[in-house]
Amino acid sequence: KVRAYFQDLDLDATQAHEVFDLLDADGSGWITAEEFVDGVLRLKGQARSIDVNKVLNVCEQTLAQVNIMLEARGRDMALAPAGDVSKCGPSS
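Values in this document were obtained by computation on a predicted structure and should not be read as measured data.

### Considering the overall build of the protein chain
The helix and strand tally for the protein chain stands at four helices and two strands. The helix and strand sequence of the protein chain, counted from the amino end, reads α-α-α-α-β-β. Counting all 92 residues of the protein chain, 15% fall into the buried class. Put simply, of all contacts in the protein chain between residues at least 6 apart along the chain, 16% involve residues at least 24 apart. Of the roughly 7,500 Å² that the protein chain leaves accessible, carbon and sulfur atoms contribute 58%.

So, in structure tokens, the structure goes:
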């Protein structure tokens, strides 16, 4: 039944654990009715290119803000730009 329900919602039932984590908005380990409805509506269908790019943009802005805060605290560490994990860690 669950597999058929996921299929009706255009969700992949083989990724149930990942779907659960996405639906559990507060990280409590339980999914409320509100979390379930909100999450399923958010996950339904395919991601559009504009949606993916919006998320990437927010991530890059957040990373830039974190770097500013780290520098303001006098840390000798900064996070790497998106996609460049080779530069994570103490600066040389």
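### Some words on the environment of D10
Along the polypeptide, D10 turns up in the loop between α1 (2-8) and α2 (16-23). Accessibility expressed as a relative area gives 45% for D10, which makes it partly exposed. For the pair D10 and L43, spaced 33 residues apart in sequence, the C-alpha separation works out to 8.5 Å.

### Some details on the environment of L43
With respect to the helices and strands, L43 occurs in helix α3 (residues 33-43). You can call L43 partly exposed: its relative accessible area is 22%. For L43 and V19, which are 24 residues apart along the polypeptide, the C-alpha to C-alpha distance reads 8.6 Å.

### Re the nonpolar core
Counting six residues, the largest nonpolar core is built from F6, L9, L11, V19, L23 and V40. Excluding residues within four positions of it along the chain, V19 makes contact with F6, D12 and L43.

### A word on the packing of α2 against α3
Put simply, α2 and α3 touch, their axes get as near as 9 Å, and they point 115° apart. Every pair of crossing elements has a handedness; the one defined by α2 and α3 is right-handed. Contacts from V19, L22 and L23 in α2 reach E35, F36, G39, V40, R42 and L43 in α3. Its residues assigned to classes, the contact of α2 with α3 comprises six nonpolar, one polar and two charged.

### A closer look at the side chain of D24
Relative to the helices and strands, D24 is located in the loop between α2 and α3. If we skip the residues at most four places from it in the chain, D24 touches G29, W30, I31 and E35.

### Re the side chain of E35
Checked against the element boundaries, E35 lands in helix α3. Using a relative accessible area of 11% as the deciding quantity, one classes E35 as buried. Of note is the side chain of E35, whose polar atom sits 3.1 Å from the backbone nitrogen of A25. In this structure the side chain of E35 is engaged in a polar contact, spanning 3.0 Å, whose partner is the backbone nitrogen of D26. Dropping the residues within four chain positions of it, E35 is found in contact with L23, D24, A25, D26 and W30.

The rules behind these values
Note that residues are indexed from 1 along each chain, following the sequence as it is written. Predicted model: local features are reported for residues with pLDDT of at least 70 only, side-chain atom pairs are reported and counted for 80 or more only, and whole-chain, interface and lining totals are derived from all residues. Here the side-chain values reflect all heavy atoms present in the structure, with hydrogen atoms and water set aside. Secondary structure counts use DSSP, requiring at least four H or I residues in a row for a helix and at least two E residues in a row for a strand, with both numbered from the N terminus. Three exposure classes are used, based on accessible area relative to the maximum for each residue type with a 1.4 Å probe and protein chains only: buried under 20%, partly exposed in between, and exposed over 50%. Contacts are assigned to residue pairs with any non-hydrogen atoms lying within 4.5 Å of each other. Only the protein chains shown count as cover for residues, and the accessible areas themselves come from Shrake-Rupley with a 1.4 Å probe. We call a set of buried Ala, Val, Leu, Ile, Met, Phe, Trp, Tyr and Cys residues a nonpolar core when their side-chain atoms join them within 4.5 Å. Axes here refer to lines fitted to C-alpha atoms; in helices the fit is confined to the stretch in contact. Angles between the N-to-C directions go from 0 to 180 degrees. For a crossing to be left-handed, the near helix must be turned anticlockwise from the far one by less than a right angle; the clockwise case is right-handed. Residues are grouped as follows: Ala, Val, Leu, Ile, Met, Phe, Trp, Tyr, Cys and Pro are nonpolar; Asp, Glu, Lys and Arg are charged; every other residue, Gly included, is polar. A 3.5 Å cut-off defines polar contacts: any pair of N or O atoms within that distance qualifies, except that in protein one atom must be a possible hydrogen donor and the other a possible acceptor, and neighbouring residues in sequence count only when both atoms are side-chain atoms.

No statement about biological role is implied by the geometric values presented.
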